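Single-letter residue listing:
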Amino acid sequence: MTVPSQELIGTVTAESGIEGTAALDETAVPSRGRIIFRRFIVQKSALFGLVLLVVLVLLAYVGPIIGKWDYSQPDYNSFLVTPNSSHWFGTDGTGTDLFAATMRGAQKSIIIGLLVAVLATSMAAIVGATAGYFGRWIDTVLMWIVNLLLVIPSFLIIAILSPRYHNNLTLFVVLLGMFIWQITARIVRGQTLSLREREYVLAAKYMGVSGPRIIARHILPNLASLLIIDATVNVSVAVLTETGLSFFGFGVQPPDVSLGTLIEAAQTSATTQPWLFLFPAGFLVLLLLAVNLIGQGLRDAFDPSAGVAV
Amino acid sequence: MGKYLVRRLVNYVVLVFIATSMAYLLAATSLNPRSHFLGRNPPVPVTTQDDILNRYNLNDKTPVFERYGTWIDNIAHGNLGRDYDGGYVGANLSRRMWVSGQLLLIGTILGGLVGVAAGAWAAVRHKKATDVALTQGAFFILSCPVFVIAILLQVGATRLNNAVGSRLISFSGQFDPAKPGGFFSNIGDRLDHLILPTITLMLAGASYLMLYQRSAMLDVLGSDYVRTARAKGLRRRTALIKHALRTALIPSVTLFTYAFATIFVGATFTETIFGWHGMGEWFVQTIQGSDTNAVAAITAVVGVLILFASFLQDVVVAMLDPRVRVG
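None of the values given here were measured: they were computed from a predicted structure.

A short note on the overall build of chain B
Part 1 of the reasoning: Regarding its fold elements, chain B presents 13 helices and zero strands.
Part 2 of the reasoning: The N-to-C order of helical and strand elements in chain B reads α-α-α-α-α-α-α-α-α-α-α-α-α.
Part 3 of the reasoning: Referenced to the eigenvectors of the C-alpha coordinate spread, the extents of chain B come out at roughly 85 × 65 × 35 Å.
Part 4 of the reasoning: Here the analysis covers contacts within chain B between residues at least 6 apart in sequence; of these, 71% occur between residues at least 24 apart.
Part 5 of the reasoning: Of the side chains in chain B, 29 bear a positive and 18 a negative charge, and the two mean positions are spaced by 16 Å.

Here you go:
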């Protein structure tokens, strides 16, 4: 792999931190963000994931503009046609253009995945850091709630509530987010417990900086790598859960479409009309693969030594 | 130590109780069992509807906390309540847990074995072709939702059956009801029906476990005690298996214990797609059918099983990890 170049970047920053930039007069000291970005981009698989994700997102949002059909307006002249120049992904039994439907479903999955990930990671960061920093009864209460939510089978509860959020996207996103932040919150709490004893945190504390401000300025920035990786992983968890719930009719519901509802509808005819299954399923798998590759790449970029035998 | 365990256990019981109560209240207020009477021809008189719903403690006209009280009272007497159609939740539950157990037993064990073996092998062959192929394969499978894998396998099996010209692989239900004979004479048929769901479960479980096992093994391979084992003259194979793998097994065994203890929870997608009438399928059906008491019972059972699994996990870690065992 690219160990030599990573080593080089690593040493450069380590030295420049102490001795200043004198030794490296011709090159500016790269910021931490740039270093991470470079370490990320030199990994072939991570780069592939990033490019794949960009292509998929572009396809999902630009595709419907170029496409000739709308997902809600069936073409009554062509039922169950195979992919052709007019219907790029073919049509289903009601004449719905599968390209338009797949792109619509993909938009849903992407939006839901991103929103849920941001929501869940923010929740985890705030709750975990608050519990860890303030300790005492705040810690006890918050961690008890975290443990309770871990016992409740989330998939079940979201499904039970499905009659209530009938296609209310906001509520659905909040519910999904509510159930995937707990484990990260516990990790953030553990890290905060050690961070709060550091000199710079104590210094800020004795200078009279308030608790919430210390968490925002000193604790959370130090957990940035963990949180960024967690958010990426959560995108894939959220997309999986959303499509899974929609597959059973507990998530996005007709007349709207999701990749999950499309795959469910194609389930029985997957053998005879394979295009009905292959296009939505293929899009979903590629989307998850792209997000997972990016997550893996970020992990290696933030912590190059992890998972490598020394 | 004993006091600590008891306190932990009490805390768990309280958690399960609250979780189940929440599930009951949520289900009782958002599901609508009365919908079963809608659109019946001839229409069912409202008084009859109320009578039937009252009998099963499902009437939405009764205040929800009164229904909850009745439900708790029944549970305390070992009665899990009735389905909307009069069936007994307890009887259905035990039958379906057994079906789920049968379905998941082989798949879970195979998934564990394959995952650990593949992970350990990949780590030993670090950065060689085997490692790259196994890791990328596992990564790809992890990016495939279970329902996509299951449907793809069905398509593949249908193609195979058509190519051969006879039904080589059956994938709908637990067994072929048209075949005469008892359990033992049809064991081949039952195994045949197990092939695809087992592969589905195995792939999902193994790919997950493999990545864990690989990174745990990589951490251990560079450690001093493995080098010492080699230095004192052990063969590479012995050093790897007896010293490296044994320690690197701990995280995987923890995960595997969890999966194994929850086999009675069922597998929602696999059961639904392959037509196995286990817990996972039942859960989907009860929510779609607004069957409040069954939904609450499933949540309770799942909660208890998950806690049991976590407890078992702690025990297994204590047994495996010398630091925990001695300390």
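Moving on from the coordinates now.
Comments concerning the packing of helix α11 (residues 224–247) of chain A against helix α13 (residues 274–302) of chain A
Packed helices, taken two at a time, are described by their axes: the angle between them and the distance between them.
Residues and elements named next belong to chain A.
Part 1 of the reasoning: Axis separation between α11 and α13 bottoms out at 9 Å; the angle between their running directions is 165 degrees. One finds that α11 runs roughly antiparallel with respect to α13. Crossing of α11 over α13 shows left-handed handedness. Here Ser-225, Ile-228, Ile-229, Thr-232, Val-233, Val-235, Ser-236, Val-239, Leu-240 and Thr-243 of α11 come into contact with α13, specifically with Leu-284, Leu-287, Leu-288, Val-291, Asn-292, Ile-294, Gly-295, Leu-298, Arg-299 and Phe-302.
Part 2 of the reasoning: Grouping the constituent residues of the contact of α11 with α13 by class yields 13 nonpolar, six polar and one charged.

Notes on the side chain of Thr-299 of chain B
Part 1 of the reasoning: Note on placement: Thr-299 of chain B falls in helix α12 (residues 292–320).
Part 2 of the reasoning: Ignoring anything within four residues of it in the chain, the contact list for Thr-299 of chain B reads Pro-153, Leu-156 and Ile-160 of chain A together with Ala-23 of chain B.

Quick notes on the pattern of salt bridges
Part 1 of the reasoning: Within this structure, the stated rule accounts for eight salt bridges over all chains.
Part 2 of the reasoning: In this structure, the salt-bridge partner of Lys-108 of chain A is Asp-256 of chain A, at a minimum N-O distance of 2.6 Å. Of this pair, Lys-108 of chain A sits in helix α4 (residues 98–134) while Asp-256 of chain A sits in the loop between α11 and α12 (259–266), and the two are 148 residues apart along the sequence.
Part 3 of the reasoning: In this structure, Arg-214 of chain B and Asp-131 of chain B form a salt bridge, with 2.7 Å as the shortest nitrogen-oxygen distance. With a gap of 83 residues between them, Arg-214 of chain B in helix α7 (residues 187–221) and Asp-131 of chain B in helix α5 (residues 129–142) connect regions that are remote in the sequence. Across the pair, Asp-131 of chain B and Arg-214 of chain B agree in class, each one buried.
Part 4 of the reasoning: The network of salt bridges with shared partners includes Arg-104, Lys-108 and Asp-256 of chain A.

Digging into the domain arrangement of chain B
Residues and elements named next belong to chain B.
Part 1 of the reasoning: According to the domain assignment, chain B consists of domain 1 (1–84 + 291–327) and domain 2 (92–288).
Part 2 of the reasoning: Centre-to-centre, using C-alpha coordinates, domain 1 lies 29 Å away from domain 2.
Part 3 of the reasoning: Counting from both sides, the interface comprises 20 residues of domain 1 and, opposite them, 18 residues of domain 2.
Part 4 of the reasoning: Sorting the residues of domain 1 by area buried against domain 2 places Ile-298, Leu-305 and Gln-313 first, and these three jointly supply 30% of that buried surface.
Part 5 of the reasoning: The tally of links from domain 1 across to domain 2 stands at zero salt bridges.

A closer look at a nonpolar patch on the surface
Residues and elements named next belong to chain A.
Part 1 of the reasoning: Taken together, the side chains of Val-54, Leu-58, Tyr-61, Val-62, Ile-65, Ile-66, Trp-88, Ile-111 and Leu-115 make up a nonpolar region of the molecular surface, amounting to roughly 830 Å² of accessible area.
Part 2 of the reasoning: Contributing elements (two or more residues each) for the nonpolar patch: α3 (44–66) and α4.
Part 3 of the reasoning: The element best represented in the nonpolar patch is α3, accounting for six residues.
Part 4 of the reasoning: If you trace the backbone, Tyr-61 turns up in helix α3.

Details of the confidence of the model for chain A
All names here are of chain A.
Part 1 of the reasoning: On average, chain A scores 80 in pLDDT, and the residues at 70 or more come to 89%.
Part 2 of the reasoning: Of all secondary-structure elements in chain A, the lowest mean pLDDT belongs to helix α1 (residues 3–19), at 39, while α4 reaches the highest, 90.
Part 3 of the reasoning: Contacts of residues 1–24 to residues separated by more than four positions or lying in other chains number 14 contacts, the stretch itself having pLDDT below 50.

Thresholds, definitions, all that
Residues numbered from 1 in each chain as written. Chains lettered and ligands numbered in written order. Predicted model: local features only at pLDDT ≥ 70, side-chain atom pairs only at ≥ 80, totals over all residues. Heavy atoms only, no water. Helix = DSSP H or I, 4+ residues; strand = E, 2+ residues; numbered from the N terminus. Contact = heavy atoms within 4.5 Å. Lys, Arg positive; Asp, Glu negative; His and termini not counted. Charge placed at Lys NZ, Arg CZ, Asp CG, Glu CD. Axes fitted to C-alpha atoms, helices over the stretch in contact; angles between N-to-C directions. Parallel < 35°, antiparallel > 145°, perpendicular 65-115°, else oblique. Left-handed = near helix turned anticlockwise from the far one by under 90°. Nonpolar A, V, L, I, M, F, W, Y, C, P; charged D, E, K, R; others polar. Salt bridge = Lys/Arg side-chain N within 4 Å of Asp/Glu carboxyl O. Buried < 20%, exposed > 50% of the residue type's maximum accessible area, 1.4 Å probe, protein only. Domains from an automatic or database assignment. Buried area = accessible area lost by both parts, 1.4 Å probe. Patch = residues over 30% accessible without salt bridge, like charges linked within 9 Å, V, L, I, M, F, W, Y side chains within 5 Å. Areas by Shrake-Rupley, 256 points an atom, 1.4 Å probe, with all protein chains shown as cover. pLDDT = per-residue confidence, 0-100.

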